[in-house]
Amino acid sequence: MEKELETLKKELLDPSTRMIVIKGLRRTGKSSLMRVALNETKLPNIFIDLRLSFPFSPDSIYQYFSMELSKFLKDRTMNKILSKIKGIEISGLKLEFKERKINVIAEILEEIGKRSEHEQIVLAIDEAQDLRYLKGFDKILAHIYDYVKGIKLVLAGSEVGLLDRVLGIGNPKAPLFGRAFTEINLKKLSKEKSVEFLKAGFEQVGIKVEDEEINKAVSILDGIIGWLTFYGYLKTRGYSDALERSIDEGSRLVAEEFKNFLNSRQIARRRYIEIMKTLVRPSRWSEVKRSLRIITDVSDKQLSNYLKELTYYGFIEKSNDLYFITDPLLIEAIRRDYVR
């Protein structure tokens, strides 16, 4: 990902860039890309990984914000300044929210930004689409963008449709609508890059893996760097069945992710599962509609909404009139009946 890394580093160091948006499927390396770029540019940063605040709720997100802001409070001067803000409590280098109000976060970030006019601080938020659980946070981002020049925004997300909602794409009433940003899109690795990645990794740790096994892993794991890394890790730990283990454990993991999506959609649960069973093979809209008739009648509008939701959450994509599942291990999870 040399090109993407160089682009991100360049934009991080450009004081005129106000916001960078990184998009890509789950496990395509967004978090690693951000961390490497921030490490190499040595920019001070507040890194919020919203995956770690699951299950998502305002309380869990506030708790995670307090943890990450605490890490940032190494500067006693900043500590003293922030301690004046009502709604928080600072003990040593630990910040806690006494009042879980959105304006308290806004005040904290504003004060940090004011003290950083000559050296921008990066506010990096991974899986930023989950900010929708914190009502009004998009207004804070818009305010930072417009008025707090000491803070640069980096937002990354795998549920691209939902991330676009946070960014206000196509919605003039959204707080972030019309704000310019640099967009970096991460794709699956090509077959050649995937092979190169695995071989380089195995060479680095000093183990020999036959080309036949590497090619099989690449064929099954389909260029998703997270799964390639998981397989490589298991192989370096001495598992002779590393590929099958990575497929099975990965399938169970994505099955749980999909079940979490279904948990708030119990009425339509069976329909969503039937749609995904159909999309184990790329299918047209009409083929999906036909398969659903086996279990129930749905209107054209209902089916379009189901497909739109699955697309927004990054489980499927559409290309040339065909809908398809984006993650090979989600396909495997459905085949193995891990999603019920």
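Treat the numbers as computed from the prediction; the structure is a model and nothing was measured.

Peer 1: Is there a simple way to explain the pattern of salt bridges in this structure?
Peer 2: Proximity of charged atoms lets side chains of opposite charge pair with each other. For the structure shown, the criterion picks out 28 salt bridges. Measuring nitrogen to oxygen at the nearest pair gives 3.6 Å for the salt bridge that ties lysine 101 to glutamate 99. For glutamate 99, a relative accessible area of 35% gives the class partly exposed. Each of the salt bridges in this network shares a partner with another, and the network as a whole consists of Arg26, Arg27, Glu159, Glu257 and Asp327.

Peer 1: Sorry, what's going on with the packing of aromatic side chains here?
Peer 2: The relation between two aromatic rings is expressed through the spacing of the ring centres and the mutual angle of the planes. One pass over the structure, following the stated rule, counts nine aromatic pairs. Between phenylalanine 65 and phenylalanine 137, the ring centres sit 5.5 Å apart and the planes meet at 50°, which makes this aromatic pair tilted. Taken together, the residues phenylalanine 65 in helix H3 (residues 58-72) and phenylalanine 137 in helix H6 (residues 137-147) connect sequence positions 72 residues apart. With relative accessibility at 1%, the residue phenylalanine 65 sits in the buried group. Of the residues examined, phenylalanine 137 reaches a relative accessible area of 0% and is grouped as buried. Between the aromatic rings of phenylalanine 261 and tyrosine 313, the centroid separation amounts to 5.0 Å while the plane-to-plane angle is 65°, which identifies the pairing as edge-to-face. Placement of phenylalanine 261 in helix H11 (residues 242-263) and of tyrosine 313 in the loop between helix H14 (300-312) and strand E8 (316-319) is noted, with a sequence separation of 52 residues between them. On the accessibility criterion, phenylalanine 261 (4% relative accessible area) is buried. Residue class for tyrosine 313 comes out buried when judged on its relative accessible area of 13%. These aromatic residues form a ring-pair network of at least three members: Phe258, Phe261, Tyr272, Tyr306, Tyr313 and Phe315. We note arginine 26 situated over the ring of phenylalanine 315; from NZ or CZ to the ring centre the distance is 4.5 Å.

Peer 1: It is not clear to me how the sheet that holds strand E1 (residues 19-24) should be interpreted in this structure. Could you clarify?
Peer 2: Within a beta sheet, neighbouring strands are joined by backbone hydrogen bonds and run either parallel or antiparallel to one another. An order of E2-E5-E6-E1-E7 is seen for the five strands of this open sheet, with the pairing classed as parallel. Two strands in the sheet have a free side with no partner beyond their single neighbour: strand E2 (45-49) and strand E7 (182-186). The average angle at which neighbouring strand axes cross in this sheet is 15°, direction not considered. Sheet analysis places E2 next to strand E5 (residues 121-126), joined by five bridges and oriented parallel. Counterpart to isoleucine 46 in the pairing with E5 is leucine 123. Sitting on the sheet, helix H7 (residues 160-167) touches E1 and strand E6 (151-157), and the angle it makes with E1 is about 160°.

Peer 1: I'm lost on helix H15 (residues 328-335) in this one. Help?
Peer 2: Every α-helical turn comprises 3.6 residues, leaving residues that sit three or four positions apart pointing alike. Judged by how many residues are buried, H15 sits mostly within the fold: six of eight residues are covered. Regarding H15, the residues found buried are Pro328, Leu329, Leu330, Ile331, Ala333 and Ile334. Taken together, the buried residues of H15 touch helix H9 (211-221), helix H10 (225-236), H11, helix H12 (269-278) and strand E9 (322-325). Immediately downstream of H15, the backbone of aspartate 337 shows phi near 65°, a positive value.

Peer 1: Any chance you could explain the pairing of E6 here in plain terms?
Peer 2: The side chains of a regular strand alternate between both faces of the sheet. By the criterion of burial, E6 is predominantly enclosed, with seven of the seven residues buried. Because side chains alternate across E6, one face comprises the buried residues Ile151, Leu153, Leu155 and Gly157, and the other comprises Lys152, Val154 and Ala156, equally buried. As paired elements, E1 and E6 share five bridges and run parallel to each other. Residue pairing for E6: isoleucine 22 is matched across the bridge by alanine 156. Sheet topology places E5 next to E6; five bridges connect them, and they run parallel. Paired with isoleucine 125 across the strands is leucine 155, a residue of E6. In this fold, E5 hands off to H6, which returns the chain to E6; that crossover is right-handed.

The rules behind each value
- Per-chain numbering applies: the sequence of each chain, read as written, is numbered from 1 onward.
- Given that this is a predicted model, residues contribute local features only at a pLDDT of at least 70 and side-chain atom pairs are listed and counted only at 80 or more, while totals for whole chains, interfaces and linings are drawn from all residues.
- Hydrogens are left out, water is left out, and the side-chain values use all remaining heavy atoms of the structure.
- Throughout this description, the term salt bridge denotes a Lys or Arg side-chain nitrogen within 4 Å of a carboxyl oxygen of Asp or Glu.
- Using a 1.4 Å probe on the protein chains alone, a residue whose accessible area is under 20% of its type maximum counts as buried, one over 50% counts as exposed, and one in between counts as partly exposed.
- We call Phe, Tyr and Trp rings a pair once their centres come within 6.5 Å, taking the six-membered ring for Trp, and we label the pair stacked below 30 degrees between planes, edge-to-face above 60, and tilted otherwise.
- A run of H or I in DSSP counts as a helix once it spans at least four residues, and a run of E counts as a strand once it spans at least two, with each numbered from the N terminus.
- Both a distance and an angle decide whether a charge sits over a ring: NZ of Lys or CZ of Arg must be within 6 Å of the ring centre and within 35 degrees of the ring normal.
- Strand pairing follows a simple DSSP-based rule, namely that at least 2 bridges must link the two strands.
- Between the N-to-C directions of two axes lies an angle of 0 to 180 degrees, each axis being a line fitted to C-alpha atoms and, for a helix, fitted only over the stretch in contact.
- Should any heavy atoms of two residues lie within 4.5 Å, those residues are considered in contact.
- By convention, orient the strands away from the viewer: a clockwise path from the first strand over the helix to the second makes the crossover right-handed.

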